[in-house]
Amino acid sequence: MKTILHIDSSARRGDNPVSGHGSISRRLGARFIREWTQHSSAHRVIHRDVGLCPPPFISQDWIAAAFTPPAQRSPAQVELLALSDQLIDEVRRADVIVITAPMYNYGMPAALKAWFDQIVRVNETFTFDLDRGDFPLAPVFSGKTLVLLASTGEFGFGLGGVREHMNHLGPHIEVLGHYLGVERFHEIRVEYQEFGDDRHAASIERARRAVVDLAGELIGSTPKKWPPDTASAALR
Ligand SMILES: Cc1cc2nc3c(=O)[nH]c(=O)nc-3n(C[C@H](O)[C@H](O)[C@H](O)COP(=O)(O)O)c2cc1C
């Protein structure tokens, strides 16, 4: 039985009623989950929508509570960390973490960063020990897989691309994943959304195929052949 933690972070809904404004990353995520659940009989899915329901930003009091040993926390501090505890528990239970994310200002949405700030927590998801020398942080969990399904308006954010140096989305999430016990990172990205041309349609099509193949690979089944959709087919 594998547990998938599915995090959506676009401010846009997948079923946006304004034509052409549906979230592309959310739809990729929905496709991944559908593919997984159709082909694996043993699974559990935990869904968090931080895009439509963002966690609060951490505060001075939150940080003080997190650094207070659990037995010494006041009732107010326990309460302040309650959501963080719950979000961390969801990460603890997950074998596969699927994050869908738009690129905003060349990085992740603030709502997703707020989620990471709530869960990358000392003595919960990582330990800190100066005996480790120049790299004192070590993850508590291990063996997890992280799948990032992203969408960008511009293009060329991949390795060797014209905007590789401007991509602070995938590389940032990959680094943070290490502190959640992630050992395998996969990214599938749709590009060209702002151009809305054939390159965008082709990028969507490639991503849809890649999502199906990756879900199959992670389930451990042979990826099935993709049906002959046209390149301009909308995500569903
Ligand atoms: C506030 C905002 C900031 C954005 N910043 C960037 C950016 O820095 N680079 C880029 O390529 N696209 C940018 N875009 C375009 C989005 O990445 C693109 O629309 C993407 O498809 C959004 O994901 P979604 O379809 O899942 O909502 C931005 C869009 C918004 C709304």
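Residues numbered from 1 in each chain as written. Predicted model: local features only at pLDDT ≥ 70, side-chain atom pairs only at ≥ 80, totals over all residues. Heavy atoms only, no water.

Our focus in this paragraph is the site of the ligand. Contacts to the ligand come from 17 residues, most closely from Ser-10, Ser-23, Ser-25, Met-103 and Gln-193. In the environment of the ligand, an oxygen atom lies 2.5 Å from a nitrogen or oxygen atom belonging to the side chain of Ser-25. Within the backbone of Gly-153, a nitrogen or oxygen atom sits 3.0 Å from a nitrogen atom of the ligand. Burial of the ligand by the protein chains amounts to 79% of its free accessible area of 630 Å². (Near = heavy atom within 4 Å. Polar contact = N/O pair within 3.5 Å; in protein donor to acceptor, adjacent residues only side chain to side chain. Areas by Shrake-Rupley, 256 points an atom, 1.4 Å probe, with all protein chains shown as cover.)

What follows covers the environment of His-21. Assignment of secondary structure puts His-21 in the loop between β1 (2-8) and α1 (24-39). Every residue in contact with His-21, bar those within four places of it in the chain, is listed here: Arg-12, Arg-13 and Asn-16. (Helix = DSSP H or I, 4+ residues; strand = E, 2+ residues; numbered from the N terminus. Contact = heavy atoms within 4.5 Å.)

A few words now on helix α5 (residues 110-119). The buried count for α5 comes to seven of 10 residues, which makes it a mostly enclosed element. Those residues of α5 that fall on the buried side of the exposure criterion are Ala-111, Leu-112, Ala-114, Trp-115, Phe-116, Gln-118 and Ile-119. Where the residues of α5 are buried, they touch β1, α2 (60-66), α4 (82-93), β3 (96-102) and α6 (170-178). (Buried < 20%, exposed > 50% of the residue type's maximum accessible area, 1.4 Å probe, protein only.)

This part covers the layout of surface pockets. The calculated volume of the largest pocket comes to roughly 290 Å³. Lining the largest pocket are 17 residues, and of these Met-103, Tyr-104, Ser-151, Gly-153 and Gln-193 lie nearest its centre. Among the residues making up the lining of the largest pocket, the classes are represented as six nonpolar, eight polar and three charged. (1 Å grid on protein atoms, 1.4 Å probe; cavity = no way out; pocket = protein on both sides within 12 Å on 5 of 7 lines; lining within 4 Å. Points joined across faces, edges and corners; volume = space filled by probe spheres on them. Nonpolar A, V, L, I, M, F, W, Y, C, P; charged D, E, K, R; others polar.)

As a further point, take the UniProt feature "binding site: FMN" (unreviewed entry) in the protein chain. In the numbering used here, UniProt assigns the "binding site: FMN" (unreviewed entry) feature to Ser-10, Ser-23, Ile-24 and Ser-25. Taking the farthest pair of C-alpha atoms as the criterion, the annotated set spanning 16 residues converges on one region, since that pair is 8.8 Å apart. Of the residues named above, Ser-10, Ser-23, Ile-24 and Ser-25 line the largest pocket. Looking at the secondary structure, you find Ser-10 in the loop between β1 and α1. In contact with Ser-10, not counting residues within four places along its chain, are Ser-23, Ser-25, Arg-26, Gly-51, Leu-52, Thr-100, Pro-102 and Tyr-104. Here the side chain of Ser-10 touches Arg-12 through a polar contact of 2.9 Å, landing on its backbone nitrogen. Here Ser-23 shows up in the loop between β1 and α1. Contact partners of Ser-23, with chain neighbours within four places excluded, come to Ser-10, Arg-12, Arg-13 and Gly-14. (UniProt positions renumbered as here; feature names shortened; annotations may be inferred.)

Attention shifts here to the pairing of strand β7 (residues 182-190). Both strand β6 (residues 144-151) and β7 contribute to a ladder of eight bridges, which runs parallel. Its bridge partner being in β7, Val-147 is matched across the sheet by His-186. (Pairing = 2+ DSSP bridges.)

The geometry of α1 relative to helix α7 (residues 198-219) is characterised by a closest axis approach of 9 Å and an angle of 30 degrees between their N-to-C directions. Comparing the axis directions of α1 and α7 gives the class roughly parallel. Seen from above, α1 lies across α7 with right-handed handedness. Along its contact with α1, which presents Ile-24, Leu-28, Arg-31, Phe-32, Glu-35, Trp-36 and His-39, the element α7 presents His-200, Ala-207, Arg-208, Val-211, Val-212, Leu-214, Ala-215, Leu-218 and Ile-219. (Axes fitted to C-alpha atoms, helices over the stretch in contact; angles between N-to-C directions. Parallel < 35°, antiparallel > 145°, perpendicular 65-115°, else oblique. Left-handed = near helix turned anticlockwise from the far one by under 90°.)

A separate point is α7. The end-to-end C-alpha distance of α7 is 32 Å, a good match for the 32 Å that 22 residues give at a rise of 1.5 Å each. In the stretch just after α7, Gly-220 is the one whose phi turns positive, near 100 degrees. (Expected span 1.5 Å × (residues − 1).)

Backbone-to-backbone hydrogen bonds join strands into a sheet, with any given pair of strands oriented parallel or antiparallel. Spatially, five strands are ordered β2-β1-β3-β6-β7 in an open sheet, and the strand pairing comes out parallel. Strands with a single pairing partner mark the edges of an open sheet, and in this sheet they are β2 (43-49) and β7. Between one strand axis and the next, the sheet turns by 15 degrees as a mean value, whatever way the strands run. The strands touched by α1 are β1, β2, β3, β6 and β7; relative to β6, the strand with the most contacts, the crossing angle is about 140 degrees.

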